[in-house]
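Observations on the three-dimensional arrangement
Single-letter residue listing:
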Amino acid sequence: MDQILITGNGPLRGEVSIAGAKNAALPIIAASLLSAEPLQISNIPGVRDIDTALQLLELLGCNVDRDDTDLVIDSSKVDSVRAPYELVKTMRGSILLLGPLLARFGEADVSLPGGCAIGSRPVNEHISGLQAMGAEVEIEAGYIKAKATRLQGANFAFDVPSVTATENLMMAATLAEGTTVLENCAMEPEIGDLAILLRAMGASIEGAGGSTITIQGRAKLHGASHRVPPDRIETGTFLVAAAATRGDVRVVNTAPDFLHHVLGKLEQAGARLEIGPDWIHLDTAGKRCQAVNVTTAPYPAFPTDMQAQFMALNAVAEGSATVVENIFENRFMHVAELQRMGADIELQGHTAIVRGRERLQGAQVMATDLRASASLIIAALAADGDTTVERVYHLDRGYANIDRKLADLGAIIRRI
Ligand code: EPU
């Protein structure tokens, strides 16, 4: 199993280019099941979760033609509606196949994703929404078995705004009979982006990106082409790594518009930011950052996917701060690992109190989930001595070439 070895050596400096967003690409890939005509997708990130999603599509009978960041998916010959546990358990985003399969083929057989390092992550909202649209859903031997001759438009209000449930129901509704109105929807930018693609495929959708989405169902959708937007979380991760190492980094090929909260927190921490249409330049002028309070909440508030990285920044910042996690009940697995590196963090329920230390010490640590891995990498870059991060397959699920990109910014990093 791969490990990453980092020797802390001070500021990151230089320029880094951001890949396409994993969490935007996954629903786009699932949407290819909605039409028998091919979908062309560009700016696909080279990450493990995308490999898993494409493996799943191939199992269903899709033809997948991938050339680096370009992808063509042809789902005209789908001959299975079953997404097996072996693949679904490695990537919860697989639940995104449920809505499109059911809407186009009248049937879906998708494994329940099971437990996850960051929390229980139920899928009740996905199921209730499809039931409201007339689907019959049973849970049998760990699989969600859903059937519907044709989904019917419905009014459905989410109890909690879920990103993938909003995406699933929006996709399902594009092929339903009649009008669907979804309320209390998640408003993450990936949902607005999916709506752009679905409209290009012939769907009628209004309000995506806001809390109420209205979809007029169509008999069928057609092929389209789409460019995946830049990854806002990868962008934020590199900016925090620059801030934690007292560095000076320009992040390019990104989309600053979707990062207001994160950028505001970095400025509050004392970093100087310059922002262009598709780039962000962060400079700390060699100074140590101030610790900043963060509280995660659904978009447009501070994203849970940036919580672990700010925990690492606070651990080496001046002063103390609280980090409150409101989305996932167990997303503090990185705390014990950061403590192994000397971080002063006290946990009280879903609040972490972080007292910054001048330096952390390198140690052997273990990645527990995708964003936790990123926080350990950031801490290691800012620490004295050597850190070995084990189980880096978590990191590879969502960051394309992170070791090479960090090495280009001057980090001493190698994969062993
Ligand atoms: N929830 C329910 N019932 C449901 C669905 C969700 O109670 O049926 C709850 C969850 O337990 C959680 C909250 O709703 O407390 C929000 O979870 P959400 O469903 O929005 O999360 P998700 O759709 O499973 C996506 C991202 C995650 C990201 C979250 C929150 C994808 C593929 N995944 O997950 O990304 O953390 O939204 O923004 O888009 C990551 O990239 O590292 C990652 C975990």
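In this report, the structure presented in the accompanying data block is examined. Being a predicted model, the structure only gives us computed values, none of them experimental. (Residues numbered from 1 in each chain as written. Predicted model: local features only at pLDDT ≥ 70, side-chain atom pairs only at ≥ 80, totals over all residues. Heavy atoms only, no water.)

1. Re the site of the ligand
Glu125, Ser162, Thr164, Asp305 and Ile327 are the nearest of the 21 residues found near the ligand. Between the ligand and Ser162, the relevant distance is 2.6 Å, taken from an oxygen atom to a side-chain nitrogen or oxygen of the residue. Arg331 places a side-chain nitrogen or oxygen 3.3 Å from an oxygen atom of the ligand. In the complex, the protein chains occlude 86% of the 830 Å² of accessible area that the ligand would expose alone. Its residues placed into classes, the shell around the ligand shows 9 nonpolar, 6 polar and 6 charged. (Near = heavy atom within 4 Å. Polar contact = N/O pair within 3.5 Å; in protein donor to acceptor, adjacent residues only side chain to side chain. Areas by Shrake-Rupley, 256 points an atom, 1.4 Å probe, with all protein chains shown as cover. Nonpolar A, V, L, I, M, F, W, Y, C, P; charged D, E, K, R; others polar.)

2. As for the sheet that holds strand 13 (residues 213-216)
Spatially, 4 strands are ordered 10-11-13-12 in an open sheet, and the strand pairing comes out mixed. Of all the strands in the sheet, the pair left with one neighbour each is strand 10 (155-157) and strand 12 (204-206). Averaged over all neighbouring strand pairs, the angle between strand axes comes to 15°, with direction disregarded. Note that strand 11 (residues 179-183) and strand 13 share 4 bridges and pair antiparallel. Residue pairing for strand 13: Thr179 is matched across the bridge by Gln216. (Pairing = 2+ DSSP bridges. Helix = DSSP H or I, 4+ residues; strand = E, 2+ residues; numbered from the N terminus. Axes fitted to C-alpha atoms, helices over the stretch in contact; angles between N-to-C directions.)

3. Observations concerning the pairing of strand 15 (residues 248-252)
Bridging between strand 2 (residues 13-17) and strand 15 involves 5 bridges; their strand directions are parallel. In the strand pairing of strand 15, Arg13 is matched with Asp248. Relative to strand 17 (residues 279-283), strand 15 runs antiparallel, the two sharing 5 bridges. Bridge pairing in strand 17 places Arg250 opposite His281.

4. Things to note about the packing of helix 8 (residues 232-244) against helix 10 (residues 307-315)
Taken N-terminus to C-terminus, the directions of helix 8 and helix 10 make an angle of 5°; their axes are 9 Å apart at the nearest point. When the axes of helix 8 and helix 10 are compared, the pair comes out roughly parallel. Taking contact as the criterion, the partners of Ile233, Thr237, Val240, Ala243 and Ala244 in helix 8 are, on helix 10, Gln309, Phe310 and Leu313. (Parallel < 35°, antiparallel > 145°, perpendicular 65-115°, else oblique. Contact = heavy atoms within 4.5 Å.)

5. Quick look at the pattern of salt bridges
Tallying each qualifying case throughout the model produces 19 salt bridges. In this structure, Asp109 and Lys145 form a salt bridge, with 3.3 Å as the shortest nitrogen-oxygen distance. Here Asp109, found in strand 7 (residues 107-111), pairs with Lys145, found in strand 9 (residues 143-147); they are 36 residues apart in sequence, far enough to count as distant. In this structure, the salt-bridge partner of Asp403 is Arg415, at a minimum N-O distance of 2.7 Å. Taken together, the positions of Asp403 in helix 14 (residues 402-408) and Arg415 in strand 24 (residues 412-415) put the pair 12 residues apart, joining distant regions of the chain. (Salt bridge = Lys/Arg side-chain N within 4 Å of Asp/Glu carboxyl O.)

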